[in-house]
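Fold and geometry: a report
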Amino acid sequence: MSEKKEKTKEPKKKKQRSLQGRVFRISLFGVLALGIVSLLIGLGIYAVVLADQYITKAFNLSRMTAVAIEDVIDVEKLADSFSSTYLGLSEEERKDPNSEAYLDHFKKFTENEDYQRLIDILREYRDMNDVSDLYLVKQISDTNAEIYIADPDENPETACRPGFWEGIAPDKIDKYLNWNGEGKLYGFWYVPGNGWLCSSGVPFRNAKGEVICYIMADINLRDLVAGMRNFVIWYFVALVLIMTIYILVLMRIMKKKVVSPINLVANAAKKYANDKLAGEETEEHFTNLGIDSGDEIERLADTMADMEKDLGNYVENLMKVTKEKERIGAELSVATDIQAGMLPQKFPPFPDREEFDLFASMTPAKEVGGDFYDFFFIDEDHLALVMADVSGKGVPAALFMVIAKTLIKDQALMGELSPAKILNKTNELLCESNPQRLFVTVWLAILNVKTGEGISANAGHEHPALRRAGGNYELQVYRHSPAVAALSQIKYREHDFQLNPGDSLFVYTDGVAEATDAHNELYGTDRMIEALNADPAAAPEEVLTAVKKSVDQFVGDAPQFDDLTMLCLYFKGEGGVKASD
């Protein structure tokens, strides 16, 4: 199968926008929104005021015309005559006011002298006051209808003949029939082909105070609509003009007071960064910008000037610290090499000796560590084995390690074959001068490589693991003595052991058993024994490699907190025995 190569997508470069443009858009939207809100409020006020004027005009006209009619016409008699004529019509005849039967029925009523005088008065007042219509109507609640009595309209297509009726809502009928004379009777209606109308009127009452009919005046609202349209047009013209002037002035002020000072700070920052990248020593970039706005921008420039000074001091100090750290690092590197050189590094260490195979390793947690191992011949037959761990980490532990290692080896090379006596003398010498109160755990053994007889002393150190020929590794648990340099005048106890051909001995520091993973779980001796017994007959170097690999897999990405030191000896005995035996 062919592998598809994934194309690395470069991050999309963010489009840069100017602050001035952003302020322009925000201001434009703000002014536009405010203008629209103001328009709606103004338009509403305009409509309410003008509508009230129309209502008042229609109402006053109706009232004035009613007074003129009552002076010359008996309105109650006329209304009663109309009612009797209308009620004499059949339902079929009422449906068509233009039919001959309808016209014949109302002929006598319309030819009445009072009716003609009423029409003349309505027409005269209508024309004098420039209204759409002025007419007399009657409400009949049983039919939910508004019945026309007289309409002076000369246009036969739009005039409402006597008896013509329009259906109206019951609440409107109740409103007219129950009007108590307070306020004004009015309403707004939309008439197809004629537009919106404002109607207002007053009732005629009989001697009992009962409403007998109404005189109504209609005013077409086309002037109101046209006025509102003109209002909107001129308002928008004024708004655009004001917005243009406002935006131009605002942009000029923004450029002078905000954008230009910010650009000065931004350019100074860019120049500062470029100069630093180029390694140039330049003058101060933010001190002499000349920003005197007295606001946040001036404080920003002042802050940047202070930051530049502080950053310059910081960089200077950082360079000093870096140089010092580099010097210390170089010295630690040398110390690491020195410490590594103090530990036996050549394997096999004694190629001419066939009695045993030996391998050891140390992985420090820092540049230098406090763990150490050692092995050396005291005489022709006796091999000293040392595994030790100084308390603490770093340089102090490394210095103490050097002293302890030297003292132990010096005491042993003087011909002393007792591990306890070697540690007794070493403890006495270390306790004489130990201001940091450091101590060292030590496992020290002296092995007769010909007979396999051994003596060990354990000063607070980890239990060794022993494997018998053909078997598995097991921990050798016995009582420890206190650590060296922990207490003065201590007498260390010894432990005899016997190695037979084919046996293996594994010693280590607590950095193995106490290795910790990311969940703070310890590696432990159980896992160590399991790693040793994965291939118990392996050669010493392979044993150490297997244990180190097991520890690394357990720890994972967690940091190493302690030195990791191990030593393994495979005993062959005099004449040598193969590792597979």
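The structure presented is a predicted model; accordingly, all values stated were derived computationally and were not measured. (Residues numbered from 1 in each chain as written. Predicted model: local features only at pLDDT ≥ 70, side-chain atom pairs only at ≥ 80, totals over all residues. Heavy atoms only, no water.)

1. Observations concerning the overall build of the protein
Assigned secondary structure in the protein consists of 13 helices and 16 strands. For the protein, with 581 residues in total, the buried portion stands at 41%. Summed over all atoms, the accessible surface of the protein reaches about 33600 Å², with 54% contributed by carbon and sulfur. (Helix = DSSP H or I, 4+ residues; strand = E, 2+ residues; numbered from the N terminus. Buried < 20%, exposed > 50% of the residue type's maximum accessible area, 1.4 Å probe, protein only. Areas by Shrake-Rupley, 256 points an atom, 1.4 Å probe, with all protein chains shown as cover.)

2. Some words on a negative patch on the surface
A surface patch of like charges, here negative, comprises Asp74, Glu76, Asp80 and Glu210. Take glutamate 76: it is sitting in helix α2 (residues 75-87). (Patch = residues over 30% accessible without salt bridge, like charges linked within 9 Å, V, L, I, M, F, W, Y side chains within 5 Å. Salt bridge = Lys/Arg side-chain N within 4 Å of Asp/Glu carboxyl O. Lys, Arg positive; Asp, Glu negative; His and termini not counted. Charge placed at Lys NZ, Arg CZ, Asp CG, Glu CD.)

3. Here's the deal with the sheet that holds strand β13 (residues 473-475)
Strand order across the open sheet formed by five strands is β7-β16-β15-β12-β13, with antiparallel pairing between neighbours. A strand with exactly one partner marks an edge of an open sheet, and here the two such strands are β7 (356-363) and β13. Recorded for the sheet is a direction-independent mean angle of 15 degrees between the axes of neighbouring strands. Looking at chain direction, β7 and strand β16 (residues 564-571) are connected through eight bridges and run antiparallel. The partner of phenylalanine 356 across the bridge, within β16, is phenylalanine 571. (Pairing = 2+ DSSP bridges. Axes fitted to C-alpha atoms, helices over the stretch in contact; angles between N-to-C directions.)

4. Thoughts on the pattern of salt bridges
One pass over the full model with this rule turns up 13 salt bridges. A salt bridge links lysine 450 to aspartate 381; the shortest N-O distance between them is 4.0 Å. In this pair, lysine 450 is assigned in the loop between β10 (440-448) and β11 (453-459) and aspartate 381 in the loop between β8 (371-377) and β9 (382-390), connecting sequence segments 69 residues apart. Given the relative accessible area of 30%, lysine 450 is considered partly exposed. Taking relative accessible area as the criterion, aspartate 381 reaches 23% and is therefore assigned partly exposed.

5. A closer look at helix α9 (residues 394-413)
Given a rise of 1.5 Å per residue, 20 residues ought to cover 28 Å, and the 28 Å separating the end C-alpha atoms of α9 matches this to within 8%. When α9 is considered as a whole, its buried residues turn out to be Gly394, Ala397, Ala398, Phe400, Met401, Ala404, Lys405, Leu407, Ile408, Gln411 and Ala412. Glycine 415 sits one or two positions beyond α9 and adopts a positive phi of about 100 degrees. (Expected span 1.5 Å × (residues − 1).)

6. Describing the sheet that holds β11
One open sheet accounts for five strands, arranged β8-β9-β10-β11-β14; its pairing is antiparallel. Unpaired on one side and paired on the other, β8 and β14 (495-498) mark the two borders of the sheet. Sheet twist, expressed as the mean angle between neighbouring strand axes with direction ignored, is 15 degrees. Examined bridge by bridge, β11 and β14 share four bridges and lie antiparallel to one another. Within β14, the position partnered with glycine 454 by the bridge is phenylalanine 497. Along the sheet, α9 makes contact with β8, β9 and β10, crossing β8 at roughly 20 degrees. Packing against the sheet, helix α10 (residues 419-432) makes contact with β10 and β11, and its axis sits at approximately 150 degrees to β10. (Contact = heavy atoms within 4.5 Å.)

7. Quick word on helix α5 (residues 113-129)
In this model α5 runs 25 Å from its N-terminal to its C-terminal C-alpha over 17 residues, within 8% of the 24 Å that 1.5 Å per residue would give. What α5 keeps buried is the set Tyr115, Leu118, Ile119, Ile121, Leu122, Tyr125 and Arg126. Seen from one end, α5 has its buried residues packed into an arc of 165 degrees, which puts them on one side. Exposed positions of α5 whose direction lies more than 90 degrees from the buried face are Glu113 and Met128. For α5, the side-chain oxygen to backbone nitrogen distance between the N-cap and aspartate 114 is 2.7 Å, and the N-cap itself is asparagine 112. Just past α5, the residue aspartate 130 takes up positive phi, approximately 55 degrees. (Arc of directions from axis to C-beta. Polar contact = N/O pair within 3.5 Å; in protein donor to acceptor, adjacent residues only side chain to side chain.)

8. Observations concerning the confidence of the model for the protein
Model confidence for the protein is summarised by a mean pLDDT of 81, while 80% of its residues fall at 70 or above. Every residue in residues 1-8 is under pLDDT 50, and counting partners more than four places away or in other chains gives zero contacts. (pLDDT = per-residue confidence, 0-100.)

9. Focus: the environment of lysine 549
Residue placement: lysine 549 occurs in helix α13 (residues 540-555). For lysine 549, a relative accessible area of 52% gives the class exposed. A sequence separation of 18 residues divides lysine 549 from alanine 531, and the C-alpha atoms of the two residues are 9.0 Å apart.

10. Examining the packing of aromatic side chains
This model, assessed by the stated rule, comprises 14 aromatic pairs. On the basis of an interplanar angle of 55 degrees and a centroid distance of 5.8 Å, the ring pair of phenylalanine 82 and phenylalanine 109 is categorised as tilted. Pair noted here: phenylalanine 82 is in helix α2 and phenylalanine 109 is in helix α4 (residues 100-110), with a separation of 27 residues, a long-range link. Both residues of the pair, phenylalanine 82 and phenylalanine 109, belong to the buried class. Ring centres of phenylalanine 347 and phenylalanine 359 lie 4.5 Å apart, and the angle between their planes is 40 degrees; on these two criteria the pair is classed as tilted. You can see phenylalanine 347 sitting in the loop between α8 (296-342) and β7 and its partner phenylalanine 359 sitting in strand β7, a full twelve residues away along the chain. Here a set of aromatic residues connected by ring pairs shows up, and it is made of Phe347, Phe350, Phe356, Phe359, Tyr373, Phe375 and Phe377. (Phe/Tyr/Trp six-rings, centres within 6.5 Å; stacked < 30°, edge-to-face > 60°.)

11. Let's talk about unusual backbone geometry
Cis geometry marks the peptide bond from phenylalanine 347 to proline 348, where omega comes out at -5 degrees. A positive phi angle, close to 55 degrees, is found at aspartate 130, a residue other than glycine. Take aspartate 130: it is sitting in the loop between α5 and β1 (133-140). Unlike most non-glycine residues, arginine 437 shows phi in positive territory, near 55 degrees. Positionally, arginine 437 belongs in the loop between α10 and β10.

12. Regarding the nonpolar core
By size, the foremost hydrophobic cluster in this structure holds 53 residues, and its most contacted members are Phe372, Val440, Val442 and Leu569. When residues no more than four places from it in sequence are discounted, the contact partners of leucine 569 are Phe356, Asp357, Leu358, Leu383, Leu385, Leu447, Leu499, Asp503, Ser504 and Leu505. One finds Leu61, Ala66, Leu78 and Ile119 within the second-largest nonpolar core, a separate group that totals 39 residues. (Core = buried A, V, L, I, M, F, W, Y, C linked by side-chain atoms within 4.5 Å.)

13. Some points on the pairing of strand β4 (residues 185-191)
Across seven bridges, β4 lies against strand β5 (residues 195-205) in antiparallel orientation. Opposite tyrosine 190, over in β5, you have tryptophan 196 as the bridge partner. Hairpin connection from β4 to β5: three residues lie between these consecutive antiparallel strands, with glycine 193 at a positive phi of about 85 degrees.

14. Examining a nonpolar patch on the surface
A contiguous nonpolar surface patch, about 350 Å² in accessible area, is contributed by Val37, Ile41, Ile45 and Val49. Following the sequence through the fold, valine 37 ends up in helix α1 (residues 19-72).

15. Topic: the environment of aspartate 374
On the secondary structure map, aspartate 374 appears in strand β8. In the structure, aspartate 374 is positioned twelve residues away from valine 386 in sequence and 4.9 Å away in space, judged by C-alpha atoms. The residues contacting aspartate 374, other than those within four sequence positions of it, are Pro344, Ala384, Leu385, Val386, Lys405, Lys409 and Leu567.

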